[in-house]
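Overview (structure and organization)
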Amino acid sequence: MGSQVEALIRQMVTKGVETVASVSRAVSSGPAEHPFLSGIHAPMRAELEITDLPVTGTIPAALDGRYLRIGPNPVNPDPAGYHWFIGDGMVHGLRISQGRALWYKNRWIRSNAVAKALGKTPAPGPRHSFDTVNTNVVGIGARTFALVEAGSYPVELSDDLETQTYNAFDGSLSGSFTAHPHLDPLTGESHAICYEGNDPGVIRHVVVDRGGRVKRELPIPVRHGPMIHDCAITKRFVIILDLPVTFSMKAMLAGQRFPYRWNPDHQARVGLLPRDGGADDVIWCDVPAAYAFHVANAYDASDGTVILDLCVYDTMFAERQGGPDARSRGLERWTIDPATRAVTVRTIDAAPQDFPRPDERFFGQHYRYAYTMALPTEPEARFVGATKLYAHDLEAGTRQVHDFGVGRYPGEFVFVPKAPDAPEGEGWLVGLVIDLPSETTNLVILDAMDFEGEPVASVRLPHRVPPGFHGNWINAAP
């Protein structure tokens, strides 16, 4: 009964706060030209279907599947209180088979608000907290899901992107999910650290089995409502990033739709949760104040420590509103000692970068290669504005650079192995590159073993796909 009363009180408080926030937004005109609603970030205005796309080079015959990516694309952009992270979701997909680019489609996620604005029927299925989904597209249990953190249930997508259903993993998920579940290639389970936007005192470790059903949903107490965007796993632990970006009532009351801010009073720490342990078993290790959106990988070292590679910022959401506002300090290695709870920080590469991806077959295990997207040297460039990708050889301590050239801006690239049993790093890197001068986009395929060489193939889209967040290559069903 106590938990039901607490939930009711939270709902009442949330409704009252949202009323105040709505008034604040109404009296705030917002910027005349919002940096995340204009220029390279200007939203697409229509859903398209384009078939038989032109290809430069040769698409590898082994690539048979879909490249999917999602990002914010507001239907009715309103600069007042807008933040890049809360725009209506739009998924983009390209179907590749037999050396051809068969189709491209973009579809808004049919939340209640989007469906009303488009005059269409909302996607069916249960809602939870909110229903804007805009951050990642993944394959879980032989199905495809669009994801967001902090509130909404996942949205299941059909292979052709025409059918959408809000789906709490067939009713097995109780609370919110995450934007970044991680598949353990050794067990077939997907692990996630999830938080609720309206419950700042709890996060949850969620495990989804290989069939796509939740088998564990462990509550873990926290303070201040941390924004935990990503996590990591090793053979022994799930790694929790409890860092100083937390829920801000002040920001919400001011009418900001994204109510998370830098909180210097929140102790930064990393938690090592034994894979089958309880909340009391978490080994919490303090770290200097910093923030990380994304991890590259993690693994158990032979000396008993835990290695965690991630892209780090000194602060985040401390100054500006509307989107990321801090300069990346690069790719770092945090060595965590469970015995002493000490964390040693080493810079791998100080160049600004983010969106790290490994060869996912080695996630949670010792690995050699990581691929990242370069970021602008100054946050005024609004997070997108660098023309390079980086390939890191962590054993050799070297970095290669692929520069797409002036006016061409890559997003996150994902690694696709040439074969299920190919050696680590033997495969392709696939992602979207915006050609801003021509307002077009290319799906580019790079040979990971010839990273600095010319692309293997490039598929041209006759329009600009706005910078988005995350996506994946999903192989066609055998």
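What counts and what doesn't
Residues numbered from 1 in each chain as written. Predicted model: local features only at pLDDT ≥ 70, side-chain atom pairs only at ≥ 80, totals over all residues. Heavy atoms only, no water. Buried < 20%, exposed > 50% of the residue type's maximum accessible area, 1.4 Å probe, protein only. Helix = DSSP H or I, 4+ residues; strand = E, 2+ residues; numbered from the N terminus. Pairing = 2+ DSSP bridges. Phe/Tyr/Trp six-rings, centres within 6.5 Å; stacked < 30°, edge-to-face > 60°. pLDDT = per-residue confidence, 0-100. Contact = heavy atoms within 4.5 Å. Polar contact = N/O pair within 3.5 Å; in protein donor to acceptor, adjacent residues only side chain to side chain. Core = buried A, V, L, I, M, F, W, Y, C linked by side-chain atoms within 4.5 Å. Disulfide = S-S within 2.5 Å.

**Looking at the pairing of strand S22 (residues 328-337)**
- For S22, a buried count of seven out of 10 residues is recorded, marking the element as mostly surrounded by other parts of the structure.
- Pairing of strand S21 (residues 306-313) with S22, which is carried by eight bridges, proceeds in the antiparallel orientation. Across the sheet, Cys 311 pairs through a bridge with Leu 331, a residue of S22.
- As judged from the seven bridges shared by S22 and strand S23 (residues 342-349), these two strands associate in the antiparallel manner. Residue pairing for S23: Thr 335 is matched across the bridge by Thr 344.
- The turn linking S22 back onto S23 is made up of four residues, and Arg 341 within it adopts a positive phi angle of 65 degrees.

**Side note on the packing of aromatic side chains**
- Tallying each qualifying case throughout the model produces 19 aromatic pairs.
- Both rings, one in Tyr 195 and one in Tyr 260, keep their centres 6.0 Å apart while their planes meet at 80 degrees; by these two values the pair is edge-to-face. Taken together, the residues span a long stretch of sequence, with Tyr 195 in strand S11 (residues 190-196) and Tyr 260 in strand S17 (residues 260-262) at a distance of 65 residues. The two residues Tyr 195 and Tyr 260 agree in class, both being buried.

**Some remarks on the confidence of the model for the chain**
- Mean pLDDT for the chain: 92, with 92% of residues reaching 70 or above.
- A low-confidence stretch, residues 1-13 stays under pLDDT 50, and its non-local contacts, those more than four residues away or across chains, total two contacts.
- Note on residues 15-30: pLDDT is under 50 here. Beyond four places in sequence and across chains, it has 19 contacts.

**Brief notes about the environment of Gln 267**
- Looking at the secondary structure, you find Gln 267 in the loop between S17 and strand S18 (269-274).
- Take Gln 267: its relative accessible area is 42%, and that puts it in the partly exposed class.
- Between the C-alpha atoms of Gln 267 and Pro 466, which are 199 residues apart in sequence, the distance is 35 Å.
- Aside from chain neighbours lying at most four places away, what touches Gln 267 is Asp 242, Asp 286 and Val 287.
- A polar atom in the side chain of Gln 267 sits 3.3 Å from the backbone oxygen of Val 287.

**Some details on the nonpolar core**
- If you look at the biggest cluster of nonpolar residues, it comprises 75 residues, and the most contacted ones within it are Met 227, Ile 240 and Leu 308.
- Among residues more than four places away in sequence, those in contact with Leu 308 are Ala 232, Ile 239, Leu 241, Val 295, Asn 297, Ala 298, Glu 332, Arg 333, Trp 334 and Ile 336.
- Membership of the second largest hydrophobic core comes to 25 residues, among which are Ile 59, Val 75, Val 114 and Val 465.

**Digging into the state of the cysteines**
- Under the defined criterion, the tally for this structure stands at zero disulfides.
- Counting only cysteine sulfurs, Cys 194 is the nearest neighbor of Cys 231, a cysteine outside any disulfide, at a range of 8.2 Å.
- The structure places no disulfide on Cys 311, whose sulfur is separated from the nearest cysteine sulfur, that of Cys 231, by 16 Å.

**Quick look at unusual backbone geometry**
- Within the chain, Gln 98 stands out as a residue other than glycine whose phi angle is a positive 50 degrees.
- Turning to its location among the elements, Gln 98 is positioned in the loop between strand S4 (89-97) and strand S5 (100-108).
- Taking the relative accessible area as the measure of exposure, Gln 98 reaches 71% and is therefore exposed.
- Located in the positive-phi region is Ser 129, a residue other than glycine, with phi close to 70 degrees.

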